[in-house]
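Structure at a glance
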Protein chains: 2
Amino acid sequence: MGSERVVVIGGGPAGLAAAAAVADVGSAVTLVEWAPFLGGTPIAENYAALTPNMESAEVAMGRMIDRVTSNELVDVRLGSQVAACEPDGHGFRLELSGDGAGPLHADAVVVATGFQHFDPGRETQMYGYYEFPDVVALQDLEAMLKDHHVVRPSNGQPPERICFVQCVGSRDRQIGNEYCSKVCCGIASKEAIEVRQQLPDCKVFIFYIDMRMYGYWENQIYWPAQEQYHVQYVKGIITEVLQKGDKLLVRGEDTTMGRPMEVTMDLVVLSVGMEPSLGTRLMAKTFGVAQNKYGFIDAAHAPLDTVSTSRPGIFACGAALGPADLEDSVSSAAAAAVRAVAHARSHQPVGA
Amino acid sequence: MGSERVVVIGGGPAGLAAAAAVADVGSAVTLVEWAPFLGGTPIAENYAALTPNMESAEVAMGRMIDRVTSNELVDVRLGSQVAACEPDGHGFRLELSGDGAGPLHADAVVVATGFQHFDPGRETQMYGYYEFPDVVALQDLEAMLKDHHVVRPSNGQPPERICFVQCVGSRDRQIGNEYCSKVCCGIASKEAIEVRQQLPDCKVFIFYIDMRMYGYWENQIYWPAQEQYHVQYVKGIITEVLQKGDKLLVRGEDTTMGRPMEVTMDLVVLSVGMEPSLGTRLMAKTFGVAQNKYGFIDAAHAPLDTVSTSRPGIFACGAALGPADLEDSVSSAAAAAVRAVAHARSHQPVGA
């Protein structure tokens, strides 16, 4: 083990996995997180249960956090941000702002700053997220599920009919997000199951273009959602959500039946996609690494090297690179850790 | 760096990535491959171009192979198989058969034995793979694309109309494969683009249930396939393929139009899914690790640990764990390498 140090930026699933992996192979690591806590989006956004195994997000993330904070090779800097990056020998000199102020030498850097949920106010369809209290987004329902208190925000009563609208902010050229956000079909279906578990009398519909339950999500989530939980999947495009009395009127087209559709709902859940987080956009600039047209960090040598960026010594992983599920995030984190450690050690004096 | 040794089984994308990662972080690795060459399925099955970036499979895999074979820490055993595994201290004693015969000590093992294509002879629909020469599978067309010689096997003439039939051997309870094979939508679409590039006058259709172009495959493959290459996507179920004169008659239902469909084609391509390879099934038994009901190796602690099996010290990655694309495979390979190295070193004497 040498004196090399890898700096990991971001304390969510990808950053925690990257930090753990760097330490696992014997290098020192500093984990820089701007929030005052570790755990990233699953904790910040009050996720209830992880996809697909439904384990409590707090418990699962807690295990990852313990693995990192209990490791002597890991130095955690909460409430801290990288403000600037300058070359420093074969590595980098990072200026930190916030609680962890002061310069820091990094022999290699892993950017794991993740995504943010698409803001449904930017949606060009008329879904009324900021107008109608009973129009919510995936993460809003997630927080209600965590509290076991799924209600209509307008009146505090449990809903009798809920629908999910897929592809909000994804697969949409007008908005500029042509990509698919990959996880929303699975997350919506998981939440639909949880709604049926918590409110067995509530009818649940999912309006979708393609149901993208790749790999085991098909058998682990999609089939039980239909067969065991009677979630109703309708291939259709929703064009408009309106308030009508104390209900929501959902308009669109049932594309399987080939006819216009108009249904009333108590709660409409917008399945918002992923966009690069502010941290991802900022770190891309700070480190001078290329971004794709969507603002995510560009994986310069994909598909066989998933984590190298346009700049040697700077690696990225997880949803900072684009839509990613948890398995993608922790796997690519390990890949970034390996590359970062190898880069860092390649410039260390022998025996250091 | 200690005296620990990790044994990686399988020389495809996942195994090569795992071996490279173990060596990258300074541990010795033996790579055991039963075939007389490295590269795995992309080489064995004559893949033309990788998804999604269309780089030559030979060139891309060649780079991975060079990275491994040029590394002094990597010992490659071709034409070799693990015949038995016994506990050996904190690690394992492996008996090798074949060219690399003799026992081998492993402090940890990474199983990267991948998938095999579903055998369309097992399909319960009547697709006629073994009856009609012009019914082929994805990998057959891939080999023709690599040779720039896409023809109807029946007469050697270029086809004027080709269709792909999706979900052959996937999402199918009768066959026992309820899972989605994840990559076939992307591979079929990539091949459809290549057909249009090589045979600009050929009409290309894809019959699908859901078009699962997750993440960037949506914008990188699906949109260009439609807009630039005019591949025609038809949501429909194909129930039967018959020979009619020198054409193939394809019968099913157009589910968007809600009516029966009968079309003639020159070439029908079955988009076969993934099943565990023979190597994956054998190694699961040899190492005594749990398999899921499909025969893939079970990831015991998914989703936040993607690579641990039911047995400490034995890790798995890539398509040995289930349907995986190239990015999944090389990322999970790094994750397996990190865990294997950490496991191996945890039992090494200090300073060894």
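The residue numbering used here restarts from 1 in each chain and proceeds along that chain's sequence as written. Lettering for chains starts from A, numbering for ligands starts from 1, and both go in the order in which the items are written. With the structure being a predicted model, the display of local features is reserved for residues of pLDDT at least 70 and the display and counting of side-chain atom pairs for 80 or more, all residues being used for whole-chain, interface and lining totals. As a convention, hydrogens and water are excluded, and side-chain values are obtained from all of the structure's heavy atoms.

Some thoughts on the domain arrangement of chain A
All names here are of chain A. Defined as follows: Domain boundaries shown here were taken from an automatic or database domain assignment. Throughout, a residue-residue contact means that at least one pair of heavy atoms, one from each residue, lies within 4.5 Å. Note: buried area is the sum, over both parts, of the accessible area (probe 1.4 Å) each one loses when the two are combined. For salt bridges, the criterion is a side-chain nitrogen of Lys or Arg within 4 Å of an Asp or Glu carboxyl oxygen.
Segmenting chain A into domains produces domain 1 (5-114 + 277-346) and domain 2 (119-272). Its C-alpha centre places domain 1 at a distance of 31 Å from the equivalent point of domain 2. On the side of domain 2, 22 residues touch domain 1, which itself brings 17 residues to the contact. Roughly 1,600 Å² of surface becomes buried between domain 1 and domain 2 when both sides are summed, with 61% attributable to carbon and sulfur atoms. Here domain 1 and domain 2 share 3 salt bridges between them.

Let's talk about the sheet that holds strand β3 (residues 74-77) of chain B
Residue and element names in this part refer to chain B. Let me state the cut-off plainly: Any two strands are treated as partners once DSSP identifies two or more bridges connecting them. Helix numbering and strand numbering both begin at the N terminus, where a helix is a DSSP run of H or I of at least 4 residues and a strand a DSSP run of E of at least 2. Fitted lines through C-alpha atoms give the axes, limited to the stretch in contact for helices. The angle between two N-to-C directions lies from 0 to 180 degrees.
Strand order in this open sheet of 5 strands is β3-β2-β1-β7-β17, and the pairing throughout is parallel. Strands at the two margins of the open sheet, each flanked by one partner only, are β3 and β17 (314-316). Neighbour-to-neighbour, the strand axes of the sheet open up by a mean angle of 20°, direction not taken into account. Bridge count between strand β1 (residues 5-9) and strand β7 (residues 108-111): 4 bridges; the pairing is parallel. In the strand pairing of β7, Val8 is matched with Val110. Sitting on the sheet, helix α7 (residues 278-287) is in contact with β1, β7 and β17, with an inclination near 155° to β7.

Overview of the nonpolar core
Generally speaking, nonpolar side chains in soluble globular proteins are found buried as a group. The test is simple: Buried residues of nine kinds, namely Ala, Val, Leu, Ile, Met, Phe, Trp, Tyr and Cys, make up a nonpolar core once their side-chain atoms join them within 4.5 Å. Categorising residues by exposure relies on relative accessible area from a 1.4 Å probe, with only protein chains included: less than 20% of the type maximum marks a residue as buried, more than 50% marks it as exposed, and the intermediate range marks it as partly exposed.
Ranked by internal contacts, the top residues of the largest apolar core, which has 166 residues, are A:Val6, A:Phe164, B:Val6 and B:Phe164. In contact with A:Val6, not counting residues within four places along its chain, are A:Val22, A:Ala28, A:Val29, A:Thr30, A:Ala108, A:Val110, A:Ala340, A:Val341 and A:Ala344. A:Ile238, A:Val241, A:Met265 and A:Leu270 belong to the second-largest nonpolar core, a separate cluster that totals 23 residues.

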